[in-house]
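# Reading the structure
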Amino acid sequence: MKYIRTDNPKEEDISEIRNKLIEYNLSNIELKEVKPIAIFVNDENDNKIGGISAETHGNWLEITFLWVDEKLRGQKIGSKLLKDVEEEAIRRGCKYSFLDTFSFQAKDFYIKSDYEEVFTLVEYPLTSKRHYFVKELTANK
């Protein structure tokens, strides 16, 4: 057995490990279908000014990115993106949503959007915090 340590891993080596883990995971879970979803907001010149990306998997919506141009924040664009992706997740049969955010990002926004903080990494990566949130999805929220 040979252990190889590197500060510069090749993408194909990382992909091989990722693919083997995914293969193992899929052999042990009851639902294998993961469906992506994304909603983008473009300005009149077709430049992206906001967007959200996520995946649905069984009962869960996992939000990976939500971004709105700084000049447009406070105009409910983020709220609409979040609501729209949650509604699509409900249509797909999801019951819960999961996401994380840094302390300098949108913690208060998610709390106002009925997300409950369930875990926090402190001193991440050095002085910030990384907050993990969940929300029970219902057609009324």
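Located above this text is the structure these notes cover.
Read on for a plain summary of the structure. Keep in mind that what you see is a predicted model, and the values were worked out from it rather than measured.

When you go through the chain residue by residue, the secondary structure sums to three helices and six strands. Along the chain, helices (α) and strands (β) appear in the sequence α-β-β-β-α-β-α-β-β when read from the amino end. By its C-alpha atoms, the chain is 55 × 35 × 35 Å across when sized along the principal axes. As displayed, the chain offers around 10,800 Å² of accessible surface, 51% of which is attributable to carbon and sulfur atoms. On the chain, the mean spot of the 22 positive side-chain charges and the mean spot of the 26 negative ones are 2 Å from each other.

Pairing is mixed in the open sheet, where six strands are placed in the order β1-β2-β3-β4-β6-β5. The sheet terminates laterally at β1 (34–42) and β5 (116–121), the two strands that pair on one side only. Looking at each pair of strands side by side, their axes are set apart by 20° on average, direction ignored. The sheet contact formed by strand β4 (residues 96–102) and strand β6 (residues 130–136) spans seven bridges and is antiparallel. Across the sheet, the residue bridging to Tyr 96 is Glu 136, located in β6. Helix α2 (residues 77–91) rests against β1, β2 (48–57), β3 (60–68) and β6 of the sheet, and its axis sits at about 160° to β3.

We now examine the pairing of β3. Sheet topology places β2 next to β3; eight bridges connect them, and they run antiparallel. Looking at β3, one finds that Ile 52 is bridged to Leu 66. Connecting β2 to the antiparallel partner β3 that follows it, the hairpin turn spans two residues, and Gly 58 within it adopts a positive phi of roughly 65°. Alignment of β3 against β4, held across three bridges, turns out to be parallel. Pairing of Glu 62 across the sheet is with Phe 98, part of β4. Note that the unit made of β3, α2 and β4 has a crossover that is right-handed.

The next thing to look at is the nonpolar core. Judged by nonpolar contacts, the single largest core of 17 residues is most densely connected at Leu 61, Ile 63, Val 85 and Tyr 115. Among the secondary structure elements, those contributing two or more residues to this core are β2, β3 and α2. Residue contributions to this core peak at five residues, all from α2. For Tyr 115, the contacting residues outside a window of four places in its chain are Ile 63, Leu 82, Glu 86, Ser 97, Leu 99, Tyr 110, Phe 133, Val 134 and Lys 135.

Turning next to the packing of aromatic side chains. Counted according to the given criterion, the structure contains eight aromatic pairs. Plain terms: the ring middles of Phe 102 and Phe 104 are 5.2 Å apart, the flat faces sit at 15° to each other, and that makes the pair stacked. Taken together, the ring pairs connect Phe 109, Tyr 110, Tyr 115 and Phe 133 into an aromatic cluster. It is Lys 48 that lies over the ring of Phe 40; its NZ or CZ is 4.8 Å from the centre.

We now examine the side chain of Ser 113. Along the polypeptide, Ser 113 turns up in the loop between α3 (107–112) and β5. With a relative accessible area of 15%, Ser 113 lands in the buried category.

Here is what the cut-offs are and how they apply
- Residues numbered from 1 in each chain as written.
- Predicted model: local features only at pLDDT ≥ 70, side-chain atom pairs only at ≥ 80, totals over all residues.
- Heavy atoms only, no water.
- Helix = DSSP H or I, 4+ residues; strand = E, 2+ residues; numbered from the N terminus.
- Areas by Shrake-Rupley, 256 points an atom, 1.4 Å probe, with all protein chains shown as cover.
- Lys, Arg positive; Asp, Glu negative; His and termini not counted.
- Charge placed at Lys NZ, Arg CZ, Asp CG, Glu CD.
- Pairing = 2+ DSSP bridges.
- Axes fitted to C-alpha atoms, helices over the stretch in contact; angles between N-to-C directions.
- Contact = heavy atoms within 4.5 Å.
- Right-handed = clockwise from strand over helix to strand, strands pointing away.
- Core = buried A, V, L, I, M, F, W, Y, C linked by side-chain atoms within 4.5 Å.
- Buried < 20%, exposed > 50% of the residue type's maximum accessible area, 1.4 Å probe, protein only.
- Phe/Tyr/Trp six-rings, centres within 6.5 Å; stacked < 30°, edge-to-face > 60°.
- Lys NZ or Arg CZ within 6 Å of the ring centre and 35° of its normal.

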